[in-house]
Structure formats: C-alpha cells, structure tokens
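Observations on the model geometry
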Amino acid sequence: MTRAVGLLAALALTAPISATSAQTASQLLTAGVVAYEDFDFAQAARLLGRAVALEDQLPETDLARALTYLGAAEVFRERSDAATAVFRRLLLLDPRHGPDSLRFPARVRRVFDDVRQATKTLAATLPGRLHLMPGRDSLRTHVYASSFHDMAATIEREDGTALLVLYSGPIRDSLTLPWDGRGGDGTPVTPGRYRLILVSQSPTGAALRSLLIPLEISASRADTLAIPRLADSLLLPERTSPAPGLLALASGIAGGGLVVLLPRMAGAGPDGGGGRFAVVGALGLAGVAGLVHHGLGRPIPENVVANAAVRRSWRERVEQVQQDNARLRSFAPVVIQAGAPIRVEGEPR
Amino acid sequence: MSARRPCLWWAAALAVAFLLPGSARAQRPLRIVVEAGASAHRVRSLVGTTPEPLDGLGMVVGASVSGRGLLLEARYAQGQLSSEDAAVEDRDVVEGEVLLGVSPHRLVTLKVGPHARAYRSDAGTRRWVFWEARVRTTAPLIPSRLDAYAELWGAVAGSTSLSGSFGGERGGEVGAAMEIPRTPIAVRVAYRIDRGTGDNPTRSDTAEQMVFAMRVRLR
C-alpha cells in the first residue's frame, strides 16, 4: 500500500512536466500571457520564449502577440538587451505591430519606441493577383515603415536590370506606390518574372535591409475585333453573263443545222435545194452577231464603280479594325501575381 | 380523212388560248405586221417513179395580227415554175394559208389552220389542202433587233386532187428576221419546205421556198 501511494505521487509530480513538454505553441502562448498577467514574468518569459521558438506553428498575428508579451516580460525582468532583441524581431516581422497602450504600460512602450526608432525596416501589402491594363490601371503597393527613414522602391527584371524606379525618398509611416504596368520608357511591361524591391536606406544611402516581392507577370488575351469580311452579296456583277451571247450563237448554229435537216424531217430525203445553205449562212451570221452583241461577259461600268466604292469602304473598315486591334493589343491586360515577400539584410540579392 | 377533225383542232387551240393566264395575254400589246418579198421555188413532183424537177421565182405577201397572246396570220405566195427537162410541163404555183395561233409563252406559238396550194398547167390544176398544226419557237439573238425562228408543222387532215386520197404532209420553216433600227421595217430571210403525199406513196409534191421579205410593223 505504501509503495502504491508513493508511485501515484511520483506520477502526479511528473505529469505537469510531461504535459508542458507536449503543449503546442498556441497553448504555450496562452499560458505565457496568463503568467504575464499574473506578474510571473519569469514564467511568462520562459513559456513565451518556447512559444516563439515554435514560430512555425503560429500564425503571424499570434507570433507578433507572443513577441509583444515576451518583450514586455523582459522589460519587467530588467533584461533590456533581451527586450530590445525581442522588440526588434517584432518590428522586422511587421512594423505595424507593437504594444498597445491599453494593455502595456508606458515603460514597455517607451522601450519599444526606442527600438522602433533605431530599427529601419519596411513591410508591404499588395494584391495577390491583379488584372492590369498597362497605362490605364495601376498596381497599388502600400508600404509601411517602422520609423522615418529613406527608402527606394524598384521593379527589376529577372536578370537584375531595373525596369522602373518607383520611388526614392523618405518614408515616415506609410506610403502608397502606384505602378501603371509600364517601364521607365513608357512601354507596357512584357510577360515574365520581375521583383519589386523595397530597400531601407541609412542616411548615407547604404542599404540596411531589403524586402523582395516576386512578381509573375503573364499576358492576358486581348479582346480584339473580328476583321470584317467582304460578303459577295454586297457586290454587283461587274460583267454581264456570257450565257446570252453563247445562247445566241447556239441558236444561230442550231437554226442552221435545222435548215440542213429540214428536208429529211419533211420526208423529202437528202435531196434539198442547195440554196438553203444561204439561209444556213445567214443564221450562222445572225448567231455570231448575237454573240458579238452580248459578248462573253461585257463589263458593266456602273457596277464596277459601285463595287469599287464598296471595296474602298470595306478596306477602310478593315484598316480601322486593324488599328483598333493594334491599340487593344498594345493595351492588352496583364495578370500580375505577387509572391511571398523575402526579407534580406543589406543589399538585395 | 374526216371533215370534223379540223374543227376539233380549232376548238382545242381556242381552248388553250382561253386557258392562258390573263396577265400573260394582257402583257402582249396589239401588233400588226404586213410583209412582201420575193421567193425562189423548188418543187419536186413525184409521179410514179419519175421525179419532175421544177424551179422558179415568185412573190410572197403576208400579214399578221397579234395581241393578248393570240395570233391571226395570213400568207399568200405565187410563182412560175419551169423545168430544164423538156418533158416536164411548166406550171404556176399559188398557195395561201390562214393560221390562228396562241402564245403560251412569248417565245412559243401554237398555230392551226388551213394551207392550200395549187399547181396550174395546161394539163390541169393539182390542188393540195392541208389542215396543219404548227409550233413555232423564236430565239431572240439580239433582243428587239434580231430573231431566229423555227416552225415545224404537220397536217392533221387534208385533201388532194390527185387520184386517191390524202396521205399526209410534214414541213418546216427556219429563218431569221432583223429589224432596222429606228424604223418599223424588218428584213426576213427564211427557208421552208413541205412535202405532201397521197395515200399512194409514189405520188408526192415537195415544195421548197427561199424567202426574202420586208416586214413593216404598222402597230
């Protein structure tokens, strides 16, 4: 019995330790905040430190919350270096985060403000995917600064050459940088891989740190107009039909043939008078005269003129549509897809 | 040959005329034409096994009235025939025809009517009377200027003064007519032939004509 009670007591003592080691980052954050609010700053720092160490398990807002409480706990533990490092990390995560005045005392906010003034970093938000008509629409990038400093915003091609310098100058709190999808020479951007590079600069112009945002730009199909077709139904016949002329010639020849055959048809046999061949010749000549009169398709001048006007009008419409299509293609929309930002220290690589 | 058959053909022609669409008939204005010209005759009379060749010149006159798809046409021709064969007797030829026609189409005319011919010589007069049904088609080679036409016919009844009764008759005419611009005058050249036979096939007359005539359109 004594041995059994001792075993249960041992289990009871070791259980909290096992449970703590199995806690998730989120549970550690909650426990750390509770410890902080209970003024157990050492426990809070320990729990929050472990939560931050598991940052992969935390969403950005929770990580920022953990860093804020951890920095505050370190302030109250009189560990200013640790507090500075934590707040600096918080600012690098996103300059918009920081201890609010309702939850954290002025002492904590003072330390944070000192760190913010000393830390020069940028964050940016932009649409993840955007259809943009170069020259007409714009991609608006909102840039946030930890504190006042100089910055430069550049769009680079994949090979590292600059497409456009969006901005170079000071930033106080935030800035909106519009880009209309054209390069520095005014031509629309061509599909490809680009990078939006935001560089925080020192007063001497040296690059302190850079934020690289990949931009995948692809072409979107332009809605062009169909080239008008010249319908045959719009055109008048430009030549008369050869049928009447051929029919006249055939009639003359057929009449002549009938004259030759008439004696047989009348039952007189082949013994017809030779004089009938004069009529055969006359009918043949009449057929030729009909052919000459009708011709094998004579031009119809008024129809030629009318058709020329129709064709001219059609060509003008085609040229107009081609011009419109060229204009539409030159302003063909592109699709801009922004990737996850990459933060690097110093110059962009 | 029954005497009633020509009457039946006349009745049939009139019936066809009245069956024509009114608009088709109404579109044809009244037209009156007279013509006169010269003709070259060539006749081969077969008497037994001996043909009698005869040639000669003559004249032809005619007139026609047409309108509303109907046609009335009359023609008269006469000539003097002679033969190089001294044994063949010279003779005169006189013929006339009166035809009533209908035009179911502006290029097609159906005609019926009597056609009589007489050869007169010192030995006597040989007569032929044919009750003919004809079909004529016109081909406008140059519209309102130059037409070619062909007319074929056959006798549905007839009589002859030859011994024995009438056997039959077939014939045709092919020609061309050219209107002289800005005048009501037209020139016509044609070849026609018909052959009448008695019930004895050794008795027949084949008459050919080359016609050159001038037409005047009175209306």
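Above this note sits the structure.
Since the model is a prediction, treat every value here as computed from it, not as a measurement.

Thoughts on the side chain of Thr141(A)
All names here are of chain A.
- Among the secondary structure elements, Thr-141 is positioned in strand S3 (residues 139-145).
- On the basis of relative accessible area, Thr-141 is assigned to the buried category, the value being 2%.
- Leave out the neighbours within four places in its chain, and Thr-141 touches Ala-124, Thr-125, Leu-126, Leu-175, Thr-176, Leu-177 and Leu-196.

A short note on the pairing of strand S7 (residues 146-160) of chain B
All names here are of chain B.
- Among the 15 residues that make up S7, 11 are buried, leaving the element largely enclosed by the rest of the structure.
- In this sheet, S7 lies alongside strand S6 (residues 124-142) in antiparallel orientation, the contact comprising 14 bridges. Bridge pairing in S7 links Pro-140 to Asp-147.
- As consecutive antiparallel partners, S6 and S7 are separated by 3 residues, and within that stretch Ser-144 has a phi angle of approximately 60°, a positive value.
- Note that S7 and strand S8 (residues 166-179) share 9 bridges and pair antiparallel. If you follow Leu-146 over to S8, its bridge partner there is Met-178.
- Here S7 folds back onto S8, and the loop between the two strands holds 5 residues, one of which, Gly-164, carries a positive phi near 95°.

Structural notes on the nonpolar core
All names here are of chain A.
- Judged by nonpolar contacts, the single largest core of 32 residues is most densely connected at Tyr-36, Leu-48 and Phe-87.
- For this core, the secondary-structure elements that each account for two or more residues are helix H2 (25-37), helix H3 (41-53), helix H4 (60-76), helix H5 (80-93) and helix H6 (106-118).
- Broken down by element, the residue count for this core peaks at 9 residues, all from H4.
- The residues touching Leu-48, leaving out its near neighbours within four places in the chain, are Leu-29, Gly-32, Val-33, Ala-66, Tyr-69 and Leu-70.
- Counting residues in hydrophobic clusters, the runner-up holds 26 residues, among them Ala-124, Leu-132, Leu-198 and Ile-336.

Looking at unusual backbone geometry
- At Glu78(A), a position not held by glycine, the phi torsion is positive, near 65°.
- Tracing the sequence through the fold places Glu78(A) in the loop between H4 and H5.
- Residue Arg68(B) is not a glycine yet carries a positive backbone phi of 55°.
- Among the structural elements, Arg68(B) can be located in the loop between strand S2 (50-67) and strand S3 (70-82).

Looking at the packing of H3(A) against H4(A)
All names here are of chain A.
- Close contact between H3 and H4 brings their axes to 9 Å; oriented N to C, the two are set at 150°. Considering the relative orientation of H3 and H4, their crossing is left-handed. Only Leu-63, Ala-66, Leu-67, Tyr-69, Leu-70, Ala-73, Glu-74 and Phe-76 of H4 make contact with H3, whose side of the interface consists of Phe-41, Ala-44, Ala-45, Leu-48, Gly-49 and Val-52.
- For the contact of H3 with H4, the per-class residue count stands at 12 nonpolar, 1 polar and 1 charged.

Looking at the packing of aromatic side chains
Residues and elements named next belong to chain A.
- Using the criterion set out here, one finds 11 aromatic pairs over all chains in the structure.
- Look at Phe-41 and Phe-76: their rings are 4.8 Å apart centre to centre, the planes differ by 15°, and that puts the pair in the stacked class. Placement of Phe-41 in helix H3 and of Phe-76 in helix H4 is noted, with a sequence separation of 35 residues between them.
- A residue is classified by how much of its surface remains accessible, and Phe-76, at 24% relative accessible area, is partly exposed.
- Chaining the aromatic ring pairs together yields one cluster made of Tyr-36, Phe-39, Phe-41, Tyr-69, Phe-76 and Phe-104.
- Cation over ring: Arg-96 sits above Tyr-144, and NZ or CZ is 4.2 Å from the ring centre.

Details of the interface of chain A and chain B
- Chain A puts 27 residues into the contact, and the matching count from chain B is 25 residues.
- Buried area between chain A and chain B, both sides added, is near 1900 Å², and the carbon and sulfur share of it is 77%.
- Taken as a group, Leu262(A), Ala266(A) and Val279(A) account for 26% of the area that chain A buries against chain B, more than any other trio of residues on that side.
- Remark: the boundary between chain A and chain B carries 4 residue pairs in polar contact (both at pLDDT 80 or more).
- For the side of chain A that touches chain B, the elements supplying multiple residues, two or more each, are helix H7 (243-265) and helix H8 (276-294) of chain A.
- For the side of chain A that touches chain B, the element with the most residues is H8(A), which contributes 11 residues.
- Grouping the amino acids of the side of chain A that touches chain B by side-chain chemistry returns 14 nonpolar, 11 polar and 2 charged.

About the criteria used
- Residues numbered from 1 in each chain as written.
- Chains lettered and ligands numbered in written order.
- Predicted model: local features only at pLDDT ≥ 70, side-chain atom pairs only at ≥ 80, totals over all residues.
- Heavy atoms only, no water.
- Helix = DSSP H or I, 4+ residues; strand = E, 2+ residues; numbered from the N terminus.
- Buried < 20%, exposed > 50% of the residue type's maximum accessible area, 1.4 Å probe, protein only.
- Contact = heavy atoms within 4.5 Å.
- Pairing = 2+ DSSP bridges.
- Core = buried A, V, L, I, M, F, W, Y, C linked by side-chain atoms within 4.5 Å.
- Axes fitted to C-alpha atoms, helices over the stretch in contact; angles between N-to-C directions.
- Left-handed = near helix turned anticlockwise from the far one by under 90°.
- Nonpolar A, V, L, I, M, F, W, Y, C, P; charged D, E, K, R; others polar.
- Phe/Tyr/Trp six-rings, centres within 6.5 Å; stacked < 30°, edge-to-face > 60°.
- Lys NZ or Arg CZ within 6 Å of the ring centre and 35° of its normal.
- Buried area = accessible area lost by both parts, 1.4 Å probe.
- Polar contact = N/O pair within 3.5 Å; in protein donor to acceptor, adjacent residues only side chain to side chain.

Coordinates in, geometry out; function isn't part of it.
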